[in-house]
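Architecture at a glance
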Amino acid sequence: MATDGIITSRKVEKKLQVLLGLVIAAFALLFIRLAYLQLVEADKYKVMAQQNHLRLIPIAAPRGEIFDRNGVRIVGNQPVYTISFAYLGVEDTDRVIARLARILVGEKSFQGKTAEEIEQEIHKKLQEQKLRLYEPVPVADKVSSETVSRIEEQRLELPGVLIDVRPVRHYPYGDLLVPTLGYVGIMDQKELEENKDKGYTLGDSWGKDGLEKSFESYLRGRRGARQVEVDAQGQPVRDLGVKEPVPGDNLVLTVDARLQRAVQDALARGIARVQKEGYSQARAGAAVVLDVRTGEILALASHPTYDPTIFTRDLSPQEWNEAWAKISRDQSLLNRALALYPPGSTFKMVVAAAALEMGKITSRFSIYDTGRYKYKMDWKPGGHGRVDVVRALKVSCDTFFWTVGAMLGPEPIARYAREFGLGQKTGVELPGEHAGRIPGPEQKYKLWKPLLDNVQRQMDEIRKEYEKRLAGAGEGERAALEREMNRRLAPLQEQYSKIEWELTWREYDTLDMSIGQGNNYYTPLQLANYIAAIANGGTLYKPYLVKEVVAPDGQTVARFSPRVIRRVDVSSKTLEIIRRGMREVALPPDGTAAGVFAGAEYSVAAKTGTAEVHGHDNHALFVAFAPYEKPEVALAVVVEYGGHGSSAAGSVAREILDAYFSLKKAPPTAGLSKEKAAGTQQAAPAPERPAASSGNNRSGRPVAAPQAPSGGAGRGNSSGQPAGVTPPAGSGGGTPAAGPPPNEGETVAPPGTGNQPPATGGSPSPSGSAPEASGEGEGQ
Amino acid sequence: MIFLVSKRFVRSLDHTLLLSAAALICFSLITIGSATLEFTDESFSRLKDLFFMVKLLHLDYTYVIRQVIWILAGLLLMALIMYIPYEDICKHARALYVFNLIMLVAVVFLGREALGAQRWISIGPFTFQPSEFAKLIMIITLASFLSAREGRLDRFRDLLPCFAYVGVPTLLILMQPDLGTSMVFVAVMFGMLYLAGARPRLLLALIGSGLILMIGLFALHTYLHKADVNLEKQLLALEQQKKVAVSEKDRGELEKKYQQVEKDYREVHRRHESFHRYTLKEYQMTRLTVFLDPQSDLLGAGYHIWQSLIAVGSGGFLGKGLLGGTQSHLTFLPIRHTDFIFSVVGEEFGFLGAGALLALYLVFLYRGLKIASQARDLQGTLLAGGVVCMFAFHIFVNIGMTIGIMPVTGIPLPLFSYGGSNMVMNLAALGLLLNVYMRRRKILF
């Protein structure tokens, strides 16, 4: 029995040893795995643990602010709230999201959505970021302060919900200096790709247009960050440290906010007035005021403006669409001070300068004007009688300049236009500036050649088509087909010969050019700068907007001083004669702007311009400098489709100069009212849109999207239009900058030739989107 | 009569076993106190730099105190079990077996539901988990059952009654459903059969075929699941195509194809459904397999394992120190004081602490096996062996789960996890071990 027991126990002993072996093996497995996790892979898991509980929260740097020359803040910053949500890792998630959704109902970015729909939207956003556990997902942007306080109240029931504050642009004076300021928006994917090495990340904002874009590198600042320890609910448990953001540098402009306000208001009033007088198409315009002694831009206005807060406010999709429709209709993102207009008679000083300098005429040279030059008729029936150069400027005598222009030919005129900076970019610190266009034989050929090619191509196509059909046709059909082909070719052939005629520079082109019509296109800024050079005795300054870049601590980062582009190669004697002529313009009895400046306390020199636009009212232009004896400012005013230069644009110029001289004595904020609504609504009643005829069909007008405003915006749909047979109905002829800028090696979309064959003996009719002023020059 | 703490009694105990158990319990109390402390504001971060002993004062004692009460209750039960010679306990095996069944049936009908399973029964203010006690009762009853069949366990046919004997309570637990605990039953049964003299090859063959069956089951499920999901996707795609179809002819063809795929889908889906009806539910399947790739579902089934891995791994060699665990105190780690308590140890005490814990368990189990070998009869050996098997299985599966080599089954860490029923049962089991030890075979030379 005993032995038996011992044997049994020995057997059991062995089995227990096997069990012990198993246990040791199992433990060895645990040990090895533990060592692998905690010794070999420890670093990897340490990083993951940190990612779990340490959150680096970026702090957006406040963007630099923008001040006028007197220190008035034109653009500031204001806080905006964003709601984000971090995944909880607990069953609560759904409940919290449901609660959050209920709070967010009625929030503008979720307008019209029920709590359930918002809930689903949040869930979707969470799913998209599934793998980055605990990283907060932005749920709602620009939420109202009421919503923020409701979330704050329910903080405890809303674990994982985070409120972020970031600064956005604030405009104390409404639309002041819009659109020159530009605007700030979130970078799109492409912009981000291109600027990755500059430290931008997804969701960053940057300047998309205007000064905001040009001075982005100064304005943006450097973002900071806060390191926070959070729990699994994403609630911050403690702050681990803050790296303060560095605010962007501030800009100090050359612009005087008071004058800018006065200019914008004057322009708006002027346009409203012109409309009332029956020029229903007058809706837009531009005005530039320069300091002739430095090239500083004192005011730069483009009308209509837009409400800059639409890019910063919390808009419902519907409100946004409305605002956007309005911007697209007005094309108010377009800075018209940098857009192209035919100069009309304001160009005559160039011709005068060329003629005097080339020795073609002297100041004593005169003609007797009977009211016509060859086949061209002066704007004044019966003519002006005997005119010399000064009087020719005073009464804007077309006959005189036709005579002189014919003596000169296109090349000298173009040379002096270039001398005054026309047809060249001024180099102002704004994106989307156009060079403009000086006409000439080569330029004319380039304009018409593609059109000719197009007609040729159409004819070839028709021929080819019938060739095929003829090959397969029987004897009987052949004659009929040939007739059909010829019938279709006939109008094209007619077009072809007309265009072919237009390829060559003709005398009437020189005549048109001499009075600022034809293919002259310049920006209001160029015009103002050209007048400034005349006024200051021949120094062409580079116009500039930013005087100084100042760091937030007050230190100057960069200072911009006047820069001379060139000394204009025109003798001071010639300039003196021109100035006298311009002075005469503002003097009675028959100066074309005498009425405008009646009673002015200062002496003005000016020139009116009325640029004829085919199928539309004329553009009204006005350039001036003052005081005559010791010039301080030069200005250029354009009212699109404004009728007559003196009445429409001249009265605006008068108001501007009145404001300039009275403000010289006023305090730096005179006339400025804070929180002004968008000027388009306040300063001028929004113009009634004319009935569905021409005005509606501004097909060639640039439709600038906020993602790609101005700059290359000019393409519109013109390039997509099949040139030739039908020109875009209604045509936006004469609209500034409507066509692609013609100078940069680009081919201008050709004028339509199908229904509107160019009138022989005249200039090409305007159509399509190539801005063309009719050659029937009219100046006053 | 009450053996107050007499010298003789103290000397008759297995000191190594008791000391390792005591050390484990102390370790567990500190860990529970730390695990249940949640950091909610900045003040907590200062605790990290305190002296260790001072830190102990800052633990969360709510759960610790409750656990101490359970330990006291457990010690009482342990003393009771030690007092009655194990042969006498085994005499009531039949009654215990019946009591066990009644308890488990009661759970099915009266049980309180929590976390998707019925495991608790309330008596007055107390709730307890019968399946915990079922384990111990099963060990006792099976020991008596097997010792009566000593030497008659060679053939497969002989094992069938044993399977039936264990099978009934196991099935009842499986119905709760509590897969983990039923696995404990199976593991313990095989261990005890082996000790009782069943042919090792036969047992191995059974375990092997069981494993193969399981793997086959999972493979089959994966196959069915994938086919089901694939067909469903195809159906959706076809439906889309049908909507945008241009010509009548295309639509007709698509419709035909759709009908066919739908027929296949219905068939496959039906099979998939019926598979789940007779075996495990979809979510159980996912839970059991997700440990192989926790990253596949970080926000769902894989979340626990992933956070536990991060906790253990980030502990490194020395650990983050008591109250220094970010995974624990910032509540990333779920059910920290019960099933995943080992992750807290791993995070705060590092490889050193976790290794020490494993060593303590190894000593404990080694002593347990020693007791089994010193038992004066087979019944004693079976009792001690069964208890050791149970402990070993628990430890391996629980720790394996926290470090990602075992599926998540909800088995607590013995003598360590917070939980009343479990602690009381563990101490009772310890009492059973000591019972066998005190009445061991005296070696006379």
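Residue positions are given per chain, counted from 1 along the sequence in the order it is written. Just so you know, chain letters begin at A and ligand numbers begin at 1, following the order they were written in. Reporting in this predicted model follows two pLDDT cut-offs: at least 70 for local features of residues, and 80 or more for side-chain atom pairs to be given and counted; totals over whole chains, interfaces and linings ignore these cut-offs and use all residues.

Per an unreviewed UniProt entry, chain B goes by Peptidoglycan glycosyltransferase RodA and derives from Desulfofundulus australicus DSM 11792. UniProt positions are given in the numbering used here, feature names are shortened, and annotations may be inferred rather than shown by experiment. Quoted verbatim from the Pathway (unreviewed entry) field of UniProt, the annotation for chain B is "Cell wall biogenesis; peptidoglycan biosynthesis."

Per an unreviewed UniProt entry, chain A goes by Penicillin-binding protein 2 and derives from Desulfofundulus australicus DSM 11792.

Moving on, we get to the sheet that holds strand 9 (residues 236–243) of chain A. All names here are of chain A. A sheet is described by the order of its strands in space; here 3 strands give the open sequence 1-8-9, paired in antiparallel fashion. Edge positions in the open sheet fall to strand 1 (54–59) and strand 9, since each of these has one partner strand only. Going across the sheet, the axis of each strand differs from the next one's by a mean of 25°, ignoring polarity. By definition, two strands form a pair when at least two bridges between them are found by DSSP. The way it works is that DSSP assigns letters per residue, a run of H or I at least four long becomes a helix, a run of E at least two long becomes a strand, and they are numbered from the N terminus. Of the strand pairs in this sheet, strand 1 and strand 8 (residues 224–230) are connected by 6 bridges, and their pairing is antiparallel. The residue of strand 8 that forms the bridge with I57 is R226. Working convention: axes come from line fits to C-alpha atoms, limited for helices to the stretch in contact. Angles between N-to-C directions cover 0 to 180 degrees.

What follows deals with the UniProt feature "transmembrane region" (unreviewed entry) in chain A. Under the feature "transmembrane region" (unreviewed entry), the UniProt entry names residues 16–36 of chain A. Helix makes up 100% of residues 16–36 of chain A and strand 0%, and the two end C-alpha atoms of the span are 30 Å apart.

All names here are of chain A. An order of 12-11-23-22-21 is seen for the 5 strands of this open sheet, with the pairing classed as antiparallel. With one partner strand each, in any of the chains shown, strand 12 (297–303) and strand 21 (605–611) form the two edges of the open sheet. Between one strand and the next, the sheet's axes are offset by a mean angle of 5°, whatever the strand orientation. The pairing of strand 11 (residues 285–291) with strand 23 (residues 633–639) spans 7 bridges and is antiparallel. Residue pairing across strands places A287 opposite V637, the latter belonging to strand 23. Running over the sheet, helix 9 (residues 257–276) touches strand 11, strand 12 and strand 23 and is turned about 35° from strand 12. Any residue pair is listed as a contact if its two C-beta atoms, each placed from the backbone, are within 7 Å.

Per the UniProt record, "coiled-coil region" (unreviewed entry) is found at residues 244–271 of chain B. Secondary structure within residues 244–271 of chain B divides into 89% helix and 0% strand; the distance between the first and last C-alpha atoms comes to 32 Å.

As a further point, take the interface of chain A and chain B. Contacts between chain A and chain B engage 36 residues on the former and 43 residues on the latter. Taken together, the elements giving at least two residues each to the side of chain A that touches chain B come down to helix 1 (2–40), helix 2 (42–53) and strand 9 of chain A. Residue contributions to the side of chain A that touches chain B peak at 17 residues, all from helix 1 of chain A. In the side of chain A that touches chain B, the residues fall into 23 nonpolar, 4 polar and 9 charged. Gly is put with the polar residues, along with every residue not named as nonpolar or charged; the nonpolar set is Ala, Val, Leu, Ile, Met, Phe, Trp, Tyr, Cys and Pro, and the charged set is Asp, Glu, Lys and Arg.

Further remarks concern helix 15 (residues 441–471) of chain A. Because each turn of an α-helix spans 3.6 residues, side chains separated by three or four positions in sequence point in the same direction. All names here are of chain A. Helix span, expected: 1.5 Å multiplied by one less than the number of residues in the helix. Under the 1.5 Å per step criterion, the end-to-end length of helix 15 is 44 Å for 31 residues, consistent within 8% with the ideal 45 Å. Note on bend: the value at a residue is the angle between axes fitted to the seven residues ending there and to the seven starting there. In the structure, helix 15 departs most strongly from a straight axis at W448, where the bend amounts to approximately 30° and where the proline P450 lies between one and four residues downstream. Against helix 16 (475–502) and helix 17 (507–514) lie the buried residues of helix 15.

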